[in-house]
Amino acid sequence: MAFIHRTTLTPTKLELLTTWLPAQPWYRGKGRPELVKSGGFRLDDPEGEVGIEFMAVTDTSGDQPVTYQVPFSYRGAPIAGADEALIGITEHGELGTRWVYDGTRDPVLVAQLFALVIGEAEPQMQSISHTPDPSVTASFAESVVASAITSTTVSDDPDGTDLLVETAAEGEAAADGRRLAIHINRVLRPGQETDERAALGRVTAGWPLPDGTAARAVFALVRDARP
């Protein structure tokens, strides 16, 4: 289960996001954001090499606060050919240099998100070591046996990030696998409505609002993408 180090991070994740967020097509602000961490959860990398976090972060710079979802992956070495996905490089007080990526472009994070949706991974508390987070719920409408992602295509637009994934069951040829579309909601709104038509699965999580009340939204929605 996820181990949380109580140490320094320089620059911090919020400092990295202050320059990265405004360049994203789904960013709603008009200038430099003023960010506060609002919540989220973690997933484990089975190999223990990649840190995986789904963070909710709120920009308070505008007339109304806007909460964004940023899936992070943290690595001890860069991903070859993934420079465009790099959010920044930071120094961890115990682990040393860490490369911080937009996790939607990291195959380890995408694989574990898929595992969460189909019930093969357990969400972890964001800031407490070795502790499952029961507030994060995931569901999938069909039975899946030992499926793995064989390829992923990623695209961003003003509505969020779409992952087109090809999956195959154990022992199954990639050509005989399944094609799924995973939509990452980048802008989180309390009680936000999602298009439920043809939805096969979803991940739902919560975060606290500035007034102290709790909000929940769909973080990821899965649909069949067969032609």
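Now for a description of the structure that goes with this document. For clarity, every value in this text was computed on a predicted model and none was experimentally measured.

## Let's talk about the overall build of the protein
If you tally the helices and strands in the protein, you get two helices and 14 strands. Taken over 227 residues, the protein has a buried fraction of 46%. When contacts within the protein are restricted to residue pairs at least 6 apart in sequence, those whose partners lie at least 24 apart make up 57%.

## Some points on the pattern of salt bridges
Once their charged atoms are close, side chains differing in charge can pair, the charge on each being opposite to the other. The final tally for this structure, using the stated rule, is eight salt bridges. Among the ionic pairs, glutamate 53 bridges to arginine 42, the shortest N-O distance being 3.5 Å. Here the residue glutamate 53 occupies a position in strand S3 (residues 51-59), and arginine 42 occupies one in strand S2 (residues 35-43), the gap between them amounting to eleven residues. The exposure class assigned to glutamate 53 is buried, which follows from its relative accessible area of 0%. For arginine 42, a relative accessible area of 14% corresponds to the buried category. Ionic pairing is found between aspartate 102 and arginine 186, a salt bridge with its closest N-O pair at 3.1 Å. Of the two residues, aspartate 102 is situated in strand S6 (residues 96-102) and arginine 186 in the loop between strand S11 (178-185) and strand S12 (187-188); the sequence distance between them amounts to 84 residues.

## Observations concerning the pairing of S3
Of all nine residues that make up S3, nine are buried, and the element is covered over most of its length. Alternating positions in S3 separate into two faces, Gly51, Glu53, Met55, Val57 and Asp59 on one and Ile52, Phe54, Ala56 and Thr58 on the other, with burial throughout. Direction of pairing for S2 relative to S3: antiparallel, over a ladder of eight bridges. The residue bridging glycine 40 from the neighbouring strand is methionine 55, located in S3. Strand direction decides the pairing type here: S3 and strand S4 (residues 66-75), joined by nine bridges, are antiparallel. Residue pairing across strands places aspartate 59 opposite valine 66, the latter belonging to S4.

## Topic: the sheet that holds S11
Across the sheet, six strands lie side by side as S8-S13-S14-S11-S10-S9; this open sheet has antiparallel pairing. Where the open sheet ends on each side, the last strands, each with one partner, are strand S8 (137-140) and strand S9 (147-157). Across the sheet, the mean angle separating the axes of adjacent strands is 20° when strand polarity is ignored. When strand S13 (residues 199-208) meets strand S14 (residues 214-224), the two strands line up antiparallel, connected through nine bridges. Bridging across to S14, arginine 202 finds its partner in leucine 221. Seen against the sheet, helix H2 (residues 107-117) touches S8, S9, strand S10 (160-169), S11, S13 and S14 and runs at an angle of roughly 110° to S9.

## Regarding the packing of aromatic side chains
According to the stated counting rule, one finds six aromatic pairs in the structure shown. Residues tryptophan 26 and tyrosine 68 carry aromatic rings whose centres are separated by 5.9 Å and whose planes lie at 45° to one another, so their mutual orientation is tilted. You can see tryptophan 26 sitting in the loop between helix H1 (13-20) and S2 and its partner tyrosine 68 sitting in strand S4, a full 42 residues away along the chain. Taken together, a centroid distance of 6.0 Å and an interplanar angle of 50° make the contact between phenylalanine 41 and phenylalanine 219 tilted. Pair noted here: phenylalanine 41 is in strand S2 and phenylalanine 219 is in strand S14, with a separation of 178 residues, a long-range link. Taken together through their ring pairs, the aromatic side chains of Trp20, Trp26, Tyr27 and Tyr68 make up a single cluster.

## Some words on H2
For H2, the tally of buried residues reaches eight of eleven residues, placing the bulk of the element in the interior. Leu109, Val110, Gln112, Leu113, Phe114, Ala115, Leu116 and Val117 are the residues of H2 that are buried. Its side-chain oxygen at 2.9 Å from the backbone nitrogen of valine 108, aspartate 106 defines the N-terminal cap of H2.

What counts and what doesn't
- Residues numbered from 1 in each chain as written.
- Predicted model: local features only at pLDDT ≥ 70, side-chain atom pairs only at ≥ 80, totals over all residues.
- Heavy atoms only, no water.
- Helix = DSSP H or I, 4+ residues; strand = E, 2+ residues; numbered from the N terminus.
- Buried < 20%, exposed > 50% of the residue type's maximum accessible area, 1.4 Å probe, protein only.
- Contact = heavy atoms within 4.5 Å.
- Salt bridge = Lys/Arg side-chain N within 4 Å of Asp/Glu carboxyl O.
- Pairing = 2+ DSSP bridges.
- Axes fitted to C-alpha atoms, helices over the stretch in contact; angles between N-to-C directions.
- Phe/Tyr/Trp six-rings, centres within 6.5 Å; stacked < 30°, edge-to-face > 60°.
- Polar contact = N/O pair within 3.5 Å; in protein donor to acceptor, adjacent residues only side chain to side chain.

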